[in-house]
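Descriptive structure summary
Given next are the chains, with one letter for each unit.
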Amino acid sequence: DIIKQSAQGTRKRVFVLETFGGNCGYLATMAGIACGADAAYIQEERFTIEDLRLDVVHLAKKIRDGMPRGLIIRNEKASQNYTTKFIESLYNEEGKGIFSCRANVLGHMQEGGHPTPFDRNLASKMGMRAGDWMVKKIVENLRADYSVLTIAKDTVCLLGMLHGKLNFQPITELDDIADFKLARPKTQWWMRMRPLMRIMAKHDNLYVSKSTVAQSAAVVDEAID
């Protein structure tokens, strides 16, 4: 939002923001949807030089029509060759006379700041759940000599959020649902929401089929319910 305000104040400015996320584009996508970005480039969704050109055309038309700024988000590992600096140079060259472009690498600034009320509340809940879980497992596996011994799979777990609820996931099951090489889930539900960003930006090129857009609308309806 701060970058958007800066772009709006300078008039006819496009910002390219690089976010954290490693090989997972969740952060870039959710940030793009939340702040009304024109595009978010991620590793999971391959993009070409033609896609970049179409985004320049979209931004040029948008700014000619009176919108004073544009915002593009790039995941840090979206592409080995189409770097943040490359995209900035391309946009500056192709948008010459219409808009200027600046790049901003947010970096570790994303990890700083004060925790929000949601963060504090979640930390308290997770701490309480973890403590209760440990006591429960100790009681369940307590032997006559007061030692604790177990080989049950559900006694070595990862606590996290799943479908809006705290969930204990056995470590042995993670191999089925996680890609450890890329450090991301094998199934990424948020990918279905990506078309919403371009729809809200009134982008002519959606990169997706109508069925994907329909799935995206279903995801939003489910979240609202």
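Structure: above.
All of the points below concern the structure found in this document. (Residues numbered from 1 in each chain as written. Predicted model: local features only at pLDDT ≥ 70, side-chain atom pairs only at ≥ 80, totals over all residues. Heavy atoms only, no water.)

**Some thoughts on the side chain of Ser-79**
Mapped onto the elements of the fold, Ser-79 is located in the loop between strand S3 (69-75) and helix H4 (84-94). In this structure the side chain of Ser-79 is engaged in a polar contact, spanning 3.1 Å, whose partner is the backbone nitrogen of Tyr-82. In this structure, Ser-79 is in contact with Phe-47 and Arg-74, ignoring residues within four places of it in sequence. (Helix = DSSP H or I, 4+ residues; strand = E, 2+ residues; numbered from the N terminus. Polar contact = N/O pair within 3.5 Å; in protein donor to acceptor, adjacent residues only side chain to side chain. Contact = heavy atoms within 4.5 Å.)

**Quick look at the pattern of salt bridges**
All chains considered together, the criterion is met by eleven salt bridges. Residue Arg-194 pairs with Glu-45 through a salt bridge whose shortest N-O separation is 3.0 Å. Here Glu-45 lies in the loop between strand S2 (39-41) and helix H3 (49-64) and Arg-194 lies in helix H7 (residues 194-200), a separation of 149 residues in the sequence. On the basis of relative accessibility, which here comes to 8%, the residue Arg-194 falls in the buried class. A salt bridge links Glu-140 to Lys-137; the nearest nitrogen and oxygen atoms lie 3.3 Å apart. With Glu-140 and Lys-137 both in helix H5 (residues 117-140) and three residues apart, this pair spans about one turn of that helix. Each member of the salt-bridge network shares a partner with another, and the members are Lys-137, Glu-140 and Asp-154. (Salt bridge = Lys/Arg side-chain N within 4 Å of Asp/Glu carboxyl O. Buried < 20%, exposed > 50% of the residue type's maximum accessible area, 1.4 Å probe, protein only.)

**Some words on the sheet that holds S3**
Read from one edge to the other, the open sheet built from four strands follows the order S2-S3-S1-S4, with strand pairing classed as parallel. With partners counted over all chains shown, the strands left at the sheet margins are S2 and strand S4 (100-105), one partner each. Taken over all neighbouring pairs, the strand axes of this sheet differ in orientation by 20 degrees on average, direction set aside. Pairing geometry for strand S1 (residues 13-19) and S3, over seven bridges, is parallel. Paired with Phe-15 across the two strands is Leu-71, which belongs to S3. Sitting on the sheet, helix H2 (residues 26-35) is in contact with S1, S2 and S3, with an inclination near 165 degrees to S3. In the packing of H4 onto the sheet, the strands contacted are S1, S2, S3 and S4, and the crossing angle to S4 comes to about 170 degrees. (Pairing = 2+ DSSP bridges. Axes fitted to C-alpha atoms, helices over the stretch in contact; angles between N-to-C directions.)

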